[in-house]
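Read off the chains here:
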Amino acid sequence: MQALVLNTDGDAPRLERRDIPTPSVGARDALVRVAACGVCYHDVAVVDGTLRRGVKRDVVLGHEVSGVVADVGEQVTTVQPGDRVVAALTAFCGKCARCAAGQEYRCLRGRGFGHALDGGFAQFVSLPETSVVPLPDTMDIVQAALLACPIGVALNAMEDAAALRPGETALVVGAGGGLGAHLAQAAAALGARVLAVTTSPHKIDMLEALDGVDVILADGELDFSEIAMALTDDEGVDVALNPVGSALFGSCIASLAQFGRMVVLGEIAGRAARFNLAELLFRDATVVGATGASPRHIRKAVDMAASGSVQPIISQQFSFDAASDAIEQMRAGATFGRVALIPPSA
Ligand SMILES: [Zn+2]
Ligand SMILES: [Zn+2]
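If you're wondering where the values come from, they're calculated on a predicted model, not measured in any experiment.

Conventions adopted
Residues numbered from 1 in each chain as written. Chains lettered and ligands numbered in written order. Predicted model: local features only at pLDDT ≥ 70, side-chain atom pairs only at ≥ 80, totals over all residues. Heavy atoms only, no water. Helix = DSSP H or I, 4+ residues; strand = E, 2+ residues; numbered from the N terminus. Buried < 20%, exposed > 50% of the residue type's maximum accessible area, 1.4 Å probe, protein only. Contact = heavy atoms within 4.5 Å. Areas by Shrake-Rupley, 256 points an atom, 1.4 Å probe, with all protein chains shown as cover. Lys, Arg positive; Asp, Glu negative; His and termini not counted. Charge placed at Lys NZ, Arg CZ, Asp CG, Glu CD. Donors = N, O, S within 2.8 Å, 3.2 Å for Na, K, Ca; no water. Tetrahedral: all angles 85-135°; square planar, octahedral: opposite > 155°, others 65-115°. Domains from an automatic or database assignment. Buried area = accessible area lost by both parts, 1.4 Å probe. Salt bridge = Lys/Arg side-chain N within 4 Å of Asp/Glu carboxyl O. Nonpolar A, V, L, I, M, F, W, Y, C, P; charged D, E, K, R; others polar.

A. Geometry of the overall build of the protein. Of the regular secondary structure elements, the protein holds 10 helices and 17 strands. Here the C-alpha coordinates of the protein stretch approximately 60 × 45 × 35 Å along the principal axes. Taken across its 346 residues, the protein has 54% of its residues classed as buried. For the protein, long-range pairs separated by at least 24 residues make up 69% of all intrachain contacts whose partners lie at least 6 apart in sequence. When the accessible surface of the protein is summed, it comes to about 15,000 Å², and 49% of that surface belongs to carbon and sulfur atoms. Here the protein contributes 27 positive and 39 negative side-chain charges, whose respective centroids are spaced 9 Å apart.

B. How the structure looks around the coordination of the zinc ion (ligand 2). Looking at the zinc ion (ligand 2), one finds its protein donor set to be Cys93 (SG), Cys96 (SG), Cys99 (SG) and Cys107 (SG), positioned 2.3 to 2.4 Å from the metal centre. Angles of 102 to 119° at the metal separate the four donor atoms of the zinc ion (ligand 2), which places the site in the tetrahedral class. Read in sequence order, the donor residues coordinating the zinc ion (ligand 2) give the pattern C-x2-C-x2-C-x7-C. Exposure remark for Cys96: the relative accessible area of 6% places this residue in the buried category.

C. Molecular detail of the domain arrangement of the protein. Domain parsing of the protein yields domain 1 (2–149 + 293–342) and domain 2 (163–289). At the interface, 15 residues of domain 1 touch 17 residues of domain 2. Across the domain 1/domain 2 interface, buried area totals approximately 1,100 Å², and carbon plus sulfur atoms make up 66% of it. Together, Tyr41, Ile313 and Phe336 form the three largest contributors to the area buried by domain 1 at its contact with domain 2, with a combined 44%. Put simply, domain 1 and domain 2 have zero salt bridges between them. Grouping the constituent residues of the side of domain 1 that touches domain 2 by class yields eight nonpolar, five polar and two charged.

Right under this line is the structure:
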């Protein structure tokens, strides 16, 4: 099969298109013909060499996978060839304390697709039966690639990490990005009033077109926290969703209301966050990290997309031969929402 393999032998890692054996199918595995695979900041960090820990040699990257089941092992009972599915982000044991608590994405024996295990930048990927979530027949198979990450990840952040309640105000920074655009939509779908912060004037129209989302353009003149305060009668926001990390950490805290919660979902700059702890204290505020999505989050994402309350946003599709352009688009932050790789069909 055709796959993009990460070659780390040279000075800098690079994606190479190679013909490699189609993965074997274990007794409890489903072989999925990949329809689309989203390109995530995780993939960019591995290609850039800034993320190396736990990455397998000659890994096939990509964890945002949708496709059609092509073959199943003899003990598989929940899916069959022809079923349309989205992949979970990890393989998990289903038995440890984390799995029992519904935190399968942090399974004590878990391994990530496109990281410790081969992922979806390939024509086929082999997945444990427990790591595939079925899709309704009516769902667009390419758009479905985003239902685990970023949409399931967004639901985990809002429901489990932030305990966002209907009627609360949620601030989303980096709102034009792949995670941000879906955080903004999902927060609105969960009944929050959403303030979406972007630094890109060309993304304003696309954000304003999302239901229930008000846009703040952070153009450098006024800190967005001052605008957030003005838009909330100086109360501040209940939840700040921060996929950017350290660069906007202080402004997110300054935007929070009393008992506000900030969820950190990413760290782009790789730097330490500087802020005055008194800002946290006098608000009785909480800062919490959130990564990943468990099957229950992904199933909810499937239901929300099926009902139309969230819409996966893939603004550009790339062939394998243009994979480096897809990575470059992500690195530049130029596109609205996600870009996806489409494997050759034969
Ligand atoms: Zn992702
Ligand atoms: Zn486990």
